[in-house]
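Single-letter residue listing:
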Amino acid sequence: FPGPVYDNSWALIIGINDYEHVPGLNYAVEDALAIKNMLINVYGFLRTNVRVLINSEATQSNIKREFSALVKSAGSNDRVVFYFAGHGETEPALGGTEDLGNRIPVNGKQKSLHRSSLDMKTINIHSSAIPAKSILFLVDACYGGLAAVGQYRSNRKYDYIKNLTKDRSRQIITA
């Protein structure tokens, strides 16, 4: 019988109901806590390896700090789950026409998304530095589908299978 697929499991879970500058939400925190409990109780994640940022804790700087911690903590044969439940917004990239999907932290402002939110390109850059074998992004936010813009896609069966069997895997599931 084969051993475990991963050496260790890590998670960064974010849930925001009570925003400082945008209207609040009703169930993002509850959803985030349910994901946390599922990862620990069903999938065997160590409680100490599951970081949760709820409401006022989910600032842009705290989220970036937690990504940096994952760079240092996660090993090359580990898995990471990133879950975000909160507001999302889209805006053209600075100096370009490509739309960026932004995750709005608790202190984010819709009028200055480029400075106050986390666009998916930035999140992808942070995730690229994490040496984990597998990272799963679960995004429950408006414009969550823009999380996958620019990601690898193919209609050819060979390319799809080849991509799935690479050493490192990055997958995105959006609402």
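Residues numbered from 1 in each chain as written. Predicted model: local features only at pLDDT ≥ 70, side-chain atom pairs only at ≥ 80, totals over all residues. Heavy atoms only, no water.

A. Spatial organisation of the side chain of N17. Considering the arrangement of structural elements, one finds N17 in the loop between β1 (9-15) and α1 (28-41). Among the residues examined, N17 registers a relative accessible area of 9% and is labelled buried. A distance of 3.5 Å separates a polar atom in the side chain of N17 from the backbone oxygen of N26. A polar atom in the side chain of N17 sits 3.3 Å from the backbone nitrogen of V29. (Helix = DSSP H or I, 4+ residues; strand = E, 2+ residues; numbered from the N terminus. Buried < 20%, exposed > 50% of the residue type's maximum accessible area, 1.4 Å probe, protein only. Polar contact = N/O pair within 3.5 Å; in protein donor to acceptor, adjacent residues only side chain to side chain.)

B. Spatial organisation of helix α2 (residues 60-73). For α2, which comprises 14 residues, the first-to-last C-alpha distance of 20 Å matches the rise-based estimate of 20 Å (1.5 Å per residue) to within 8%. Buried within α2 we find Q60, I63, E66, F67 and L70. Angularly, the buried residues of α2 cover 130° about the axis, an arc narrow enough to put them on a single face. Opposite the buried face of α2, by more than 90 degrees, sit the exposed residues R65 and K72. (Expected span 1.5 Å × (residues − 1). Arc of directions from axis to C-beta.)

C. Here's a closer look at the pairing of strand β7 (residues 134-140). Among the 7 residues of β7, 5 are classified as buried, and the element is accordingly described as predominantly covered. Taken together, the 7 bridges between strand β3 (residues 79-85) and β7 define a ladder with parallel strand orientation. Bridge assignment links V80 to a residue of β7, and that residue is I135. One ladder, built from 6 bridges, connects β7 with strand β8 (residues 169-174); its direction is parallel. Bridge assignment links V139 to a residue of β8, and that residue is T174. (Pairing = 2+ DSSP bridges.)

D. Structural context of the sheet that holds β7. Pairing in this open sheet of 5 strands is parallel, and the strands run β2-β1-β3-β7-β8 from one edge to the other. Two strands lie at the open edges of the sheet, namely β2 (50-54) and β8, each paired on one side alone. The mean inter-strand angle of the sheet, taken between neighbouring strand axes irrespective of direction, is 10°. Pairing geometry for β1 and β3, over 7 bridges, is parallel. Its bridge partner being in β3, I14 is matched across the sheet by F84. Strands in contact with α1 are β1, β2, β3 and β7; relative to β1, the strand with the most contacts, it is inclined by about 165°. (Axes fitted to C-alpha atoms, helices over the stretch in contact; angles between N-to-C directions. Contact = heavy atoms within 4.5 Å.)

Interpretation note: all reported values are geometric properties and have no functional meaning in isolation.
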